[in-house]
Amino acid sequence: MKASHRIFGIIIAIAVTAGLIAFTFAYDWFGPLIAEESGNIDNVYRWLLVASIPFFVIIVGIIAFCILEFRADGDDDDRDGEPFHGSTRIEIVWTVIPTIIVVALGIYAWIVLDQVEAKQPNELTINVVGQQFAWNYEYPQLGVKTSGDLVVPKNRPLYFEMTSVDVIHSFYIPNARLKRDTADGFTTRLRFTPDTTGTFPIVCAELCGIGHTTMRGTLRVVEPSEFTKWVASRKGPNAPKPTGANTISPLSPTGETGK
Amino acid sequence: MAASLRSPGWYRAALWTAIGFVFAFALVVGIRAAADFGVVVQWDSIITVALVTMPIFFLYGIGCFDTWLYWISGRPTKPDDHSDHGAHSWKDYFKVNTDHKVIGIQYIVTTFFFFMIGGLFAMIFRAELLQPGMQFIDAQTFNGLFSAHAALMIFVFMVPVFAGIANYVLPLMLGAPDMAFPRLNALSFWFLPCAGIMFLASFLAPGGAFATGWTAYAPLSDQAPLGQTFFSMGVQFAGASSIATAINFLVTIITMRAPGMTFWRMPLLGWANFATSLLVVLATPFIAGSQFMILFDRALGMNFFDAAQGGDTVMYQHVFWFYSHPAVYIMVLPGFGIISEIISANARKPVFGYRMMAFSLLAIVVLGFAVWAHHMFVAPMQNWIRIPMMFTTMLIAVPTGVKIFSWLGTMWRGVIHLRTPMIWALGFMTMFVLGGISGVMLAVVPFDIAVSDTYFVVAHFHYVLFGGSLFTIFAGIYHWFPKMTGRMYNETLGKWHFWTTFIAFNATFAPQHLVGLEGMPRRVADYAEQFAAWNMFISISSFVLGASMLIFIYNMVYSWRSGPIAPANPWNAHTLEWQVSSPPPIFNFDDVPTVVGHPYEYGVPGARHGIFKEPEPVVAAVAGDSSTTSTDEGEPAPA
Amino acid sequence: MEAASAAHAEHHGHMPVANASAKINREYFGMVLFIVSEIMLFASFFTAYFFIRVVQGEPWMPEGQELPVYVAMANSAILFSSSATMHWALEGLKHNNRKAFKTGLVLTLILGSTFLGVQISEYVHLGFLPKDSAQASVFFSLTGIHGAHVAVGLIVLATVTRRAFKGHYGPEKDKHWGVEIPGLYWHFVDVMWVFVFTSLYLL
Ligand SMILES: [Cu+2]
Ligand SMILES: [Cu+2]
């Protein structure tokens, strides 16, 4: 084995690692983000990738290097390799380093989790009830009920209290990077602050039966003034009644930001 | 005809399966009539009972219980002339046979049959997903297909195929004449077709096949039509099969190793199956429990999961995942063992850090029981549980990483033969690393909240189970094919098989990470327009992936019939199974082997693993010391 | 099953005898492992019990679904004494006291059947059904699965008893496994009842 081969290999590995890490930060993995706190979730993902890429490159690189460097000369090559059985020092290294890395990542993720789930002042409470196959919403502070189309004001912290009347569903807003199951007999909670106006999908992420695919709704984030108008329109004597079914075409696209 | 109805075999099996149905019918109708239940012929109950009686009566008919029943009834059992040992023609594979080598092949062929059907189901629903909108199957069929796909792949392919490979190889490797309980071994095998056929038969049930995924979350599975009962019952049979096999492996590994084979001289496949069997014995009863609860709810009207009655749906998930997370290791640890064997034999090197390889298996077993709730980060579970589960899950990466690095260490400065099994082993390492990386990511709670139940998860577990486990299965089958059949497989076809599978596999599953990150949920028959391009690409790739399996099937069938005759030890490996003829003699070893050294002493001058004569006592006493154990020379058994 | 294969090992005349790499009897060890997996099956139902009673904090038992503690206590005494008679039978066999051996087995059968009979009559007289509450579901499943184990144990012991009366088994080391292994299973069934009884009736 020539030293030049090793050096060449290491240079390639570093270049590939750098390239992949650059790609990690350049590529738009998730689509539009509508909640600032959840941006940390995207960052967690990117840092997980950054921590993983060197491992992947090292492993694949060593495999490739071994194939090129230590290949047998045809099937008739009956030599054996060098009979070394291990090395305690290197075994300790490759036990300790990954341990440190995963524990560090875990602590970082824990901090982010606490941030994402932290209670906010002035929350707008929304009760969510999943049923086969639609979402129903109630704004207890405002005395408004609706279904299918969820309308919320921009920049006001939202606090969802969720349950289900039949099987388990999962309330999933891809653009907020958040989801939580809803189940009969349980109340689950979700918090985020939408910071972008527009229309975004709400999907059910937990298999809930034959209509699971179509159990979709829309999240409409509007300016606070428009929200006030909307609430007023839902309260008058000719306010539309919640239908208990989806009113929106089921497979609305991901995230069209308003402006 | 009358005689053939009395002796074990397919005629008697058919007769008794029918009797099983009549029995169930009479039992239910009788009880309902006696208890005045109104409707007397209640088909749901009849079929539920028939799902228990028919398989058991079938097992009697085919002959699984004959010797035991003779013994219980006090009649003289047939003097054991071993007419049921070994196979002389292909027909012998369709009979109850107690030879572990026959059972091993029965296992592998049966599980691959279900694998092909499960793969076919995947291609049907991928065809539906080729374009947005609903094309040619309805939502119920779609849900049934992906549920049956998973049930077949997990319960009657991935878990038992490893039991099949180990069934064939392990007693040979340990120097034992057979498994500890050959009849129980046969019974374990015959449970499998019962389970698999039950999964498939659910498509004939009124209301369609079980359609709640392989997870069968309550309370959805409580309310589902009759097909769900087929799933719960099939899982019981598959579970009984794996528990019985695991007990068999543990007893065999602990009590039947050849003289001189201490635990630290045991090949790593033995260690891997030891660890796996521990997991099976401890964890599988939990999925039995979870499905019993579903069955009791469905058949006896119990209320385990009805919140109004005090039930708890999240409890189902705890019980279910307490098995189903360890199940992931049940489906991959034996593969780790296979890879260790193949890499050391094809790199002509001792396994790097042999003891750490064994300890890391045990570490995975222990940690594997402390991570189940990582599947429930978005479930209505107490929030605090998520943090310890996140850390334990991430820590499993450490012993797993130790294994990967040790395999690299094994290859370093070896003499690498890139034969088909080795190529699959290397493919496994790269793909499994990717699956492991996405696994660590999913363990991270905030990220999991974003992507759980999306295609990212689908991509992750296919990288683990397809790119991981299935690649090791192919590696193992190619590696031991000469031993099992006495013929060589075709190298060129084996390499074609690898490259088509490898490329199509990545084309199918890598993009699923991307659509998952963008928010496409799993288990949906239809999707938003934005995912259309990738889904078409994924579907087309999956068809290529399916087609690549035909190369494998052709290679296996063709080579088994007319491949070149295999020598006893084509890979020049040291473990005991290669020291006997291909295929091995009926009781494996004409002379009991004696183990005098480590199994992987490639490159150590004069080192031997097993010899076929008494060792000099001094040598046998020095356990753990490898490089000096050269005795001269019992010859290996002739080919 | 294990017991049957235990007695059958001796028929493997033509198969070479495998090296015994551990001192433990194979069939006995197999039964131990089987019992371990049985314990885990019970554990899964205890998990249900734990979640419903402790995590959900449901009352145990719900109003109007009381359990007859004293009947069950007497019944427990019956089952525990059957473990003693089983032990007595095995000791009898080992000391070549055939009379104690056979009497012990018969007594075990009688006590075990009595336990099962009382359990069934308890079901009939409880006044509520498995569907009436999640607690009732847990109660009927745990006692029912335990009862099924008692029934299996009785069938195995009946076979053993029959063979005992035909003169099988002996005090030699390799001739009492056919009694010892079913006996181990029987003791397991009894010990499991301690946990079932304590958690369902007493606590
Ligand atoms: Cu759903
Ligand atoms: Cu898991």
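Because the structure is a prediction, the values reported are computed rather than measured. Each chain carries its own residue numbering, running from 1 in the direction its sequence is written. Chains carry letters and ligands carry numbers; both start at the beginning, A for chains and 1 for ligands, and go up in the order they are written. In view of the model being predicted, local features appear only for residues whose pLDDT reaches at least 70, and side-chain atom pairs are presented and counted only at 80 or more, with totals across whole chains, interfaces and linings using the full set of residues. Based on all heavy atoms of the structure, the side-chain values leave hydrogens and waters out of the count.

Novice: Mind showing me how you'd approach the packing of aromatic side chains here?
Specialist: Aromatic ring pairs are defined here through the distance separating the ring centres and the angle between the ring planes. Stacked, tilted and edge-to-face are the three classes assigned to paired rings of Phe, Tyr and Trp, where Trp is represented by its six-membered ring and a pair needs centres within 6.5 Å; plane angles under 30 degrees give stacked, over 60 edge-to-face, the rest tilted. What the rule picks out here adds up to 116 aromatic pairs over all chains. Pairing W271 of chain B with F274 of chain B gives two aromatic rings, centres 5.9 Å apart and planes at 85 degrees, and the pair type is edge-to-face. You can see W271 of chain B and its partner F274 of chain B sitting in helix α10 (residues 268-300), three residues apart, about one turn around the helix. In this scheme, a residue with accessible area under 20% of its type's maximum is buried, one over 50% is exposed, and one in between is partly exposed, where area comes from a 1.4 Å probe on protein chains only. A residue is classified by how much of its surface remains accessible, and W271 of chain B, at 5% relative accessible area, is buried. Ring centres of F447 of chain B and F456 of chain B lie 5.3 Å apart, and the angle between their planes is 90 degrees; on these two criteria the pair is classed as edge-to-face. For the pair shown, F447 of chain B and F456 of chain B are each scored as buried. The rule for a charge over a ring is simple: NZ of Lys or CZ of Arg within 6 Å of the ring centre, and within 35 degrees of the ring normal. Looking at K179 of chain A, its charged tip hangs above the ring of Y172 of chain A, at a distance of 4.0 Å from the centre. Its guanidinium or amino end placed over the ring of W264 of chain B, R355 of chain B lies 4.3 Å from that ring's centre, counting from NZ or CZ. Counting from the N terminus, the helices are DSSP H or I runs at least four residues long and the strands are E runs at least two residues long.

Novice: What am I meant to see in the coordination of the copper ion (ligand 1) here?
Specialist: Note on metal sites: the ideal angle is 109.5 degrees for four tetrahedral donors, and 90 or 180 degrees for six octahedral donors. In this description, a donor is an N, O or S atom within 2.8 Å of the metal centre, a cutoff extended to 3.2 Å for sodium, potassium and calcium. Water is not part of the atom list, which can make sites seem incomplete. Those donors, C204 of chain A (SG), E206 of chain A (O), C208 of chain A (SG) and H212 of chain A (ND1), are the protein atoms that reach the copper ion (ligand 1), and they lie 2.1 to 2.6 Å from it. Each label reflects the angles at the metal, where four donors whose angles all fall between 85 and 135 degrees are tetrahedral, four or six donors whose opposite pairs open beyond 155 degrees and whose other angles stay between 65 and 115 are square planar or octahedral respectively, and the rest are irregular. Around the copper ion (ligand 1), the four donor atoms sit at angles spanning 86 to 128 degrees, and that spread fits a shape best called tetrahedral.

Novice: Got a minute to help me understand the interface of chain A and chain B in this structure?
Specialist: Quoted interface sizes are often the accessible area lost when the parts come together. Throughout, a contact is declared for two residues whenever any of their heavy atoms are within 4.5 Å. Between chain A and chain B, the contact holds 80 residues from the first and 92 residues from the second. Here the buried area means the combined drop in accessible surface, using a 1.4 Å probe, for two parts upon being joined, counting both sides. At the boundary of chain A with chain B, total buried surface from both sides reaches about 7500 Å², with 69% on carbon and sulfur atoms. For the chain A face of the interface with chain B, the top three residues by lost area are H85, W94 and L207 of chain A, together amounting to 9%. R413 of chain B is paired through a salt bridge with E82 of chain A; the nearest N and O atoms lie 3.6 Å apart. Polar contact is defined as a pair of N or O atoms within 3.5 Å, subject to the rule that within protein one atom must be able to donate a hydrogen and the other to accept it, and that residues adjacent in sequence are counted only when both atoms are side-chain atoms. Viewed at the interface, chain B and chain A are joined by 21 residue pairs in polar contact (both at pLDDT 80 or more). Counting residues per element, the ones that place at least two in the side of chain A that touches chain B are α2 (39-69), α3 (88-117) and β7 (178-182) of chain A. Think of a salt bridge as a Lys or Arg side-chain nitrogen and an Asp or Glu carboxyl oxygen that are within 4 Å of each other.

Novice: Quick question: what am I supposed to make of unusual backbone geometry here?
Specialist: Both trends apply: most residues other than glycine have a negative phi, and most peptide bonds are in trans. At the junction of Q132 of chain A and F133 of chain A, the peptide bond is cis and its omega measures out at 0 degrees in the coordinates. Looking at the secondary structure, you find F133 of chain A in the loop between β1 (124-131) and β2 (134-139). Following W60 of chain C, the chain continues to M61 of chain C via a peptide bond in cis, the omega torsion being -15 degrees. Inspection of the secondary structure puts M61 of chain C in the loop between α2 (26-55) and α3 (69-94). The residue A216 of chain B is not glycine, and still its phi comes out positive at about 50 degrees.

Novice: Any chance you could explain the domain arrangement of chain A here in plain terms?
Specialist: Residue and element names in this part refer to chain A. Where each domain begins and ends follows an automated or database-derived domain assignment. For chain A, the assigned domains are domain 1 (3-70 + 86-116) and domain 2 (124-247). Just the C-alpha atoms count here: the centres of domain 1 and domain 2 sit 37 Å apart. If you look at the interface, domain 1 gives twelve residues, while domain 2 gives 13 residues. For the domain 1 and domain 2 pair, buried surface summed over both sides reaches about 970 Å², with 50% attributable to carbon and sulfur atoms. One can count one salt bridge joining domain 1 with domain 2. For R177, the salt bridge is made with D42, and the minimal N-O distance between the two is 2.8 Å. Counting the contacts that link domain 1 with domain 2 gives nine residue pairs in polar contact (both at pLDDT 80 or more). Broken down by class, the residue content of the side of domain 1 that touches domain 2 amounts to seven nonpolar, two polar and three charged. Each residue is assigned to one of three groups, with Ala, Val, Leu, Ile, Met, Phe, Trp, Tyr, Cys and Pro labelled nonpolar, Asp, Glu, Lys and Arg labelled charged, and all others, Gly among them, labelled polar.

Novice: Before we go on, may I ask you to explain the coordination of the copper ion (ligand 2) in this structure?
Specialist: Coordination of the copper ion (ligand 2) by the protein is provided by H325 of chain B (ND1), H374 of chain B (NE2) and H375 of chain B (NE2), with metal-donor distances spanning 1.7 to 2.0 Å. Spacing between the donor residues of the copper ion (ligand 2) along the chain follows H-x48-H-H.

Novice: What's the story with the packing of helix α7 (residues 182-201) of chain B against helix α9 (residues 227-255) of chain B in this structure? I'm lost.
Specialist: Describing two packed helices takes the angle between their axes plus the distance from one axis to the other. Residues and elements named next belong to chain B. Simply put, an axis is a line fit to the C-alpha atoms, just over the touching stretch for a helix, and the angle between two N-to-C directions goes from 0 to 180 degrees. Where α7 contacts α9, the two axes come as close as 8 Å, and the packing angle between them is 160 degrees. Between α7 and α9, the crossing angle belongs to the class labelled roughly antiparallel. Viewed along their axes, α7 and α9 form a crossing whose handedness is left-handed. Contact with α7, carried on its side by L184, N185, S188, F191, L192, C194, A195, M198, F199 and A201, involves F230, F231, M233, G234, V235, F237, A238, A240, S241, A244, T245 and N248 of α9 and no other residues of that element. Taken together, the residues of the contact of α7 with α9 sort by class into 16 nonpolar, six polar and no charged. With respect to orientation, any angle under 35 degrees is reported as roughly parallel, any angle over 145 as roughly antiparallel, any angle of 65 to 115 as roughly perpendicular, and every other angle as oblique. For any pair of crossing helices, the crossing counts as left-handed if the nearer helix is rotated counterclockwise from the farther one by less than a right angle, and right-handed if it is rotated clockwise.

Novice: How should I be thinking about helix α12 (residues 333-347) of chain B in this particular structure?
Specialist: Because each turn of an α-helix spans 3.6 residues, side chains separated by three or four positions end up pointing in the same direction. Residue and element names in this part refer to chain B. Over its 15 residues, α12 extends 21 Å from the first C-alpha to the last, a length consistent with the 21 Å expected when each residue adds 1.5 Å. Summarising burial for α12: 15 of the 15 residues are buried, a large majority. In the segment just after α12, R348 is the residue with positive phi, at about 55 degrees. Any helix carries an expected span of 1.5 Å times its number of residues minus one.

Novice: When you look at the pattern of salt bridges in this model, what are you seeing that I'm missing?
Specialist: In a structure, side chains of opposite charge can pair up when their charged atoms sit close to one another. Residue and element names in this part refer to chain A. Summed over all chains, the structure comprises 15 salt bridges over all chains. K154 is the partner of E223 in a salt bridge, and the nearest nitrogen-oxygen pair spans 4.0 Å. One end of the pair, E223, is in the loop between β10 (216-222) and α4 (224-235); the other, K154, is in the loop between β4 (149-153) and β5 (158-164), and 69 residues separate them in sequence. Salt bridges here are not isolated pairs; linked through shared partners, they connect D73, D77 and R79.

Novice: Whenever I open this one, the environment of I56 of chain B confuses me. Can you help?
Specialist: Structurally, the position occupied by I56 of chain B is in helix α3 (residues 43-62). On a C-alpha basis, the gap between I56 of chain B and G311 of chain B in space is 32 Å, while along the polypeptide they are 255 residues apart.

Novice: Sorry if this is basic, but what is going on with the pairing of β7 of chain A here?
Specialist: On a regular strand, each side chain points to the face opposite its neighbour's, so the side chains alternate between the two faces of the sheet. Residue and element names in this part refer to chain A. Where burial is concerned, most of β7 is hidden: five out of the five residues are buried. Alternating positions in β7 separate into two faces, L178, R180 and T182 on one and K179 and D181 on the other, with burial throughout. A pair of strands counts as paired when DSSP detects no fewer than two bridges linking them. Pairing analysis gives five bridges linking strand β6 (residues 169-173) to β7, with the strands arranged antiparallel. Residue pairing for β7: F171 is matched across the bridge by R180.

Novice: Quick question: what am I supposed to make of the pairing of β4 of chain A here?
Specialist: Residues and elements named next belong to chain A. β4 sits mainly inside the fold: five of its five residues count as buried. Where β4 lies against β10, five bridges are found, and the strand directions are parallel. When the sheet's bridge partners are listed, V151 is paired in β10 with R220.

Novice: It is not clear to me how the confidence of the model for chain C should be interpreted in this structure. Could you clarify?
Specialist: Detailed reading of predicted coordinates is not advised where the pLDDT is low. Residues and elements named next belong to chain C. Mean pLDDT over chain C stands at 88; residues scoring 70 or higher make up 93%. Mean pLDDT values for the elements of chain C range from 41 in helix α1 (residues 2-8) up to 95 in α2. Both confidence scores are given for the complex: pTM 0.92, ipTM 0.92. On a range of 0 to 100, pLDDT expresses the predictor's confidence in each residue.

Novice: Whenever I open this one, the packing of α2 of chain C against helix α6 (residues 177-202) of chain C confuses me. Can you help?
Specialist: All names here are of chain C. Axis separation between α2 and α6 bottoms out at 10 Å; the angle between their running directions is 10 degrees. Overall, the two elements α2 and α6 adopt an arrangement that is roughly parallel. Between α2 and α6, the contacting residues are E27, Y28, M31, V32, F34, I35, E38, I39, F42, F46, Y49 and R53 on the first element and W177, E180, I181, L184, Y185, F188, M192, F195, V196, S199 and L200 on the second. Within the contact of α2 with α6, the residues separate by chemical class into 18 nonpolar, one polar and four charged.

Novice: Could you clarify how one ought to interpret the nonpolar core in this entry?
Specialist: Considering soluble globular proteins, one finds that nonpolar side chains tend to be buried as a cluster. Ranked by size, the top nonpolar core spans 348 residues in total, and within it F171 of chain A together with F155 of chain B carry the most contacts. When sequence neighbours within four positions are dropped, the list of residues in contact with F155 of chain B reads A150, P160, L192, F199, W214, F231, V235, A238, I287 and Y323 of chain B. Nonpolar cores are built from buried Ala, Val, Leu, Ile, Met, Phe, Trp, Tyr and Cys residues. Side-chain atoms within 4.5 Å join them into one set.

Novice: What should I look at first to understand the interface of chain B and chain C in this one?
Specialist: Listed per partner, the contact involves 52 residues of chain B and 54 residues of chain C. For the pairing of chain B and chain C, the buried interface totals around 4600 Å² over both sides, and the portion due to carbon and sulfur atoms is 70%. Counting the surface chain B buries against chain C, the share from its top three residues, W71, F181 and T255 of chain B, is 15%. At the boundary of chain B and chain C, one finds ten residue pairs in polar contact (both at pLDDT 80 or more).

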